[in-house]
Amino acid sequence: MIVPNKHYAELKDSYLFAHIAQKVSAYEQAHPGTRLLRMGIGDVSLPLCDVVITALHEAVEDQATKESFQGYLPECGAPFLRQTIADYYRTRGVSVMDEEVFVSSGASDELGDILDLFDQSNSALVIEPAYPAYVDANVIAGRRIVHVPSGSDEGFLPEPSEQAQADLIYLCSPNNPTGAAFNRAQLQRWVDFANEHGSIILFDAAYEAFIEDEDIPHSIMELDGAKTCAIEICSLSKTAGFTGTRLGYTIVPKDLVRAGMSLNDMWVRNRTTKTNGVSYVIQKGGAAVFTPEGQRQIHGMLRFYKDNARILMEALDRVGIWYCGGKNAPYLWLRCPGGMGSWEFFDYLLEEIQVVGTPGSGFGSCGEGYFRFSTFGSRADTLEAARRLTSLLSAEPKSRVPEQ
Ligand code: PLP
């Protein structure tokens, strides 16, 4: 008799984006022809850059002739791409071996699959507000979750604490949804804590390319002792617009050993069992991102999103709203004005100025009273949203209270 995984029944409904879509569609039906400004999207809007497109085309051509045709590639990644990514780390002063780099189809796949390395009895610490996959993947696996709430007093960057210990520790920096990023000293304290307790940090570096400040590490591997306590999961989705193309990479250090077992060896075994690797064409496209011209072109794209962030940050500064993020991340996390709740503010913006964002409470209960804007929209929409926000929120506080 089939016994389904009962833990699926323990998942909380992920109604956040469905509920937003429902409210927006109801508004559109009631107000046909209104220009809605969608500042909540987590997907990129710019196309792949030219060097990537050229590399993808060339790789397709390779598949057209007997001499250059590629069949199965090594499961852990094509040697050319593993080496390219290891070189990218070296240019930032981090020594990573090619065999420590695993090419993936994106961070989401890895965030779920990597849990195969750990026993069900291992607990997982999740700092909230959080990207929902961390909690859900562990609920499905039947693990105990240690929820660590964070708040504006600590800039949504909590310190490790003896009161909140777990075997696995999720850190996402720069963070989705808060946009906050650990500086070197803060991240070093997490690394030291993990080493002292034998924990393993699962470091989500999906937004590393957005970092501007010198003092913020792009990779946890930059820190002393990280190689004995951390796995880094990264993605080209936001870095280079690969959300629909799908490519990422994971660093599993050779020094990461628990109970005499090498996690790097285990991950090789896992990949060779569970995947046949990422497509040759996509890996060729990905390699182009790391060429000097690729880096120049993606930084042009990143600049575009960063300028959007600046436009929104200036608007929030003008109306005196507390926020974090925006500088080293494509998200702004703001405190709802007038003591409004997250959904209350969502409705208020939709009704009054037709701006759509993401209610913070959707990322964990401590996100209540906060709101997320993303900076992936068009320039025209961002400018117009900033204008509407400024005019609405600089009005008298009483006009901020939505009508019942
Ligand atoms: N991690 C974080 C924090 C994200 O915000 C996202 C996507 O939005 C992902 C991982 C997933 O990225 P990918 O597209 O590589 O699966």
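Residues numbered from 1 in each chain as written. Predicted model: local features only at pLDDT ≥ 70, side-chain atom pairs only at ≥ 80, totals over all residues. Heavy atoms only, no water.

Student: Whenever I open this one, the site of the ligand confuses me. Can you help?
Tutor: Surrounding the ligand, one finds 15 residues, the nearest of these being Ala107, Asp204, Tyr207, Ser235 and Ser237. In this structure, Asn176 approaches the ligand through a side-chain N or O atom, which is 2.8 Å from an oxygen atom. Here Tyr207 contributes a side-chain N or O atom positioned 2.6 Å from an oxygen atom of the ligand. Alone, the ligand offers 400 Å² of accessible surface; in the complex the protein occludes 92% of this. The set of elements that each furnish at least two residues to the shell around the ligand consists of α4 (107-113) and α7 (237-240). Sorting elements by how many residues they give to the shell around the ligand places α4 first, with 3 residues. Tallied by class, the residues present in the shell around the ligand amount to 7 nonpolar, 5 polar and 3 charged. (Near = heavy atom within 4 Å. Polar contact = N/O pair within 3.5 Å; in protein donor to acceptor, adjacent residues only side chain to side chain. Areas by Shrake-Rupley, 256 points an atom, 1.4 Å probe, with all protein chains shown as cover. Helix = DSSP H or I, 4+ residues; strand = E, 2+ residues; numbered from the N terminus. Nonpolar A, V, L, I, M, F, W, Y, C, P; charged D, E, K, R; others polar.)

Student: What should I look at first to understand the sheet that holds strand β6 (residues 200-204) in this one?
Tutor: Whether parallel or antiparallel, the strands of a sheet pair through hydrogen bonds between backbone atoms. Read from one edge of the open sheet, 7 strands run β2-β8-β7-β6-β5-β3-β4, paired in mixed fashion. Here the strands that pair on one side only, and so sit at the sheet edges, are β2 (101-104) and β4 (145-149). Each strand of the sheet is rotated relative to its neighbour by a mean of 20 degrees, with strand direction disregarded. Bridge analysis of β6 against strand β7 (residues 230-235) gives 4 bridges, and the strand direction is parallel. Directly across from Asp204, in β7, lies its bridge partner Ile233. (Pairing = 2+ DSSP bridges. Axes fitted to C-alpha atoms, helices over the stretch in contact; angles between N-to-C directions.)

Student: Would you explain the environment of Leu16 in this entry?
Tutor: Tracing the sequence through the fold places Leu16 in helix α1 (residues 16-30). The exposure class assigned to Leu16 is buried, which follows from its relative accessible area of 7%. When the C-alpha positions of Leu16 and Pro359 are compared, they lie 8.1 Å apart, and in sequence the two are 343 residues distant. With sequence-adjacent residues up to four places away left out, Leu16 is seen in contact with Trp343, Thr358, Pro359, Gly362 and Phe363. (Buried < 20%, exposed > 50% of the residue type's maximum accessible area, 1.4 Å probe, protein only. Contact = heavy atoms within 4.5 Å.)

Student: Sorry, what's going on with helix α5 (residues 133-140) here?
Tutor: Taken as a whole, α5 has its buried residues at Tyr134, Val135, Ala137, Asn138 and Val139. Looking at the buried side of α5, the elements it contacts are α4, β3 (124-128), β4, β5 (168-172) and β6. Where α5 ends, the next residue or the one after it, Gly142, has phi of about 75 degrees, a positive value.

Student: Explain the packing of helix α11 (residues 342-353) against helix α12 (residues 379-393) here, please?
Tutor: To describe two helices that pack against each other, one gives the angle between their axes and the distance between the axes. Relative to each other, α11 and α12 sit at 105 degrees, their axes nearing to 11 Å. One finds that α11 runs roughly perpendicular with respect to α12. Contacts from Phe345, Tyr348, Leu349, Glu352 and Ile353 in α11 reach Arg388, Leu389, Leu392 and Leu393 in α12. Taken together, the residues that form the contact of α11 with α12 break down as 7 nonpolar, no polar and 2 charged. (Parallel < 35°, antiparallel > 145°, perpendicular 65-115°, else oblique.)

Student: Sorry if this is basic, but what is going on with the state of the cysteines here?
Tutor: Note on terminology: a disulfide is the covalent bond linking the sulfur atoms of two cysteines. A complete count under the given rule lists 0 disulfides for this structure. Cys234 supplies the cysteine sulfur nearest to Cys172, a cysteine that is in no disulfide, at a spacing of 10 Å. Accessibility expressed as a relative area gives 7% for Cys172, which makes it buried. Just so you know, Cys336 is unpaired, no disulfide at all, and the nearest cysteine sulfur is the one on Cys324, 13 Å from it. (Disulfide = S-S within 2.5 Å.)

Student: So what exactly am I meant to see when it comes to the pairing of strand β15 (residues 370-374) here?
Tutor: With 5 of 5 residues buried, β15 is to be regarded as a mostly interior element. Burial along β15 is two-sided: the face carrying Tyr370, Arg372 and Ser374 and the face carrying Phe371 and Phe373 are both buried. As judged from the 5 bridges shared by strand β12 (residues 331-335) and β15, these two strands associate in the antiparallel manner. The residue bridging Arg335 from the neighbouring strand is Tyr370, located in β15. Direction of pairing for strand β14 (residues 358-359) relative to β15: antiparallel, over a ladder of 2 bridges. Each residue of the ladder has a partner; that of Thr358, found in β15, is Arg372.

Student: It is not clear to me how the nonpolar core should be interpreted in this structure. Could you clarify?
Tutor: Most often, soluble globular proteins keep nonpolar side chains buried together rather than apart. In this structure, Ile201, Ile220, Tyr249 and Phe373 are the most contacted members of the largest nonpolar core, which totals 98 residues. Excluding residues within four positions of it along the chain, Ile201 makes contact with Ile169, Leu171, Trp190, Val191, Ala194, Ile220, Cys229, Ala230 and Ile231. (Core = buried A, V, L, I, M, F, W, Y, C linked by side-chain atoms within 4.5 Å.)

Student: Where do I start with the environment of Val24 in this structure?
Tutor: Looking at the element boundaries, Val24 is found in helix α1. Separated by 14 residues in sequence, Val24 and Arg38 have C-alpha atoms that sit 9.7 Å apart.

Student: Whenever I open this one, helix α9 (residues 280-289) confuses me. Can you help?
Tutor: Because the α-helix completes a turn every 3.6 residues, residues three or four places apart line up on one side. With respect to burial, α9 is a largely interior element, 9 of its 10 residues being buried. Residues of α9 that are buried: Tyr280, Val281, Ile282, Gln283, Gly285, Gly286, Ala287, Ala288 and Val289. Residues of α9 that are buried make contact with α2 (50-62), α3 (79-91), β2, α7 and α10 (292-319). If you check the start of α9, you find a side-chain oxygen 3.2 Å away from the backbone N of Val281, and it comes from Ser279.

Student: Any chance you could explain the pattern of salt bridges here in plain terms?
Tutor: Within this structure, the stated rule accounts for 20 salt bridges. Taking the shortest distance from any N to any O, the salt bridge between Arg92 and Glu208 comes out at 3.5 Å. Separated by 116 residues along the polypeptide, Arg92 in the loop between α3 and β2 and Glu208 in the loop between β6 and β7 bring together distant segments of the chain. Judged by relative accessible area, Arg92 falls into the partly exposed class, the value being 24%. Residue Arg271 is joined to Asp113 by a salt bridge in which the shortest nitrogen-to-oxygen separation is 3.2 Å. Placement of Arg271 in helix α8 (residues 263-274) and of Asp113 in helix α4 is noted, with a sequence separation of 158 residues between them. (Salt bridge = Lys/Arg side-chain N within 4 Å of Asp/Glu carboxyl O.)

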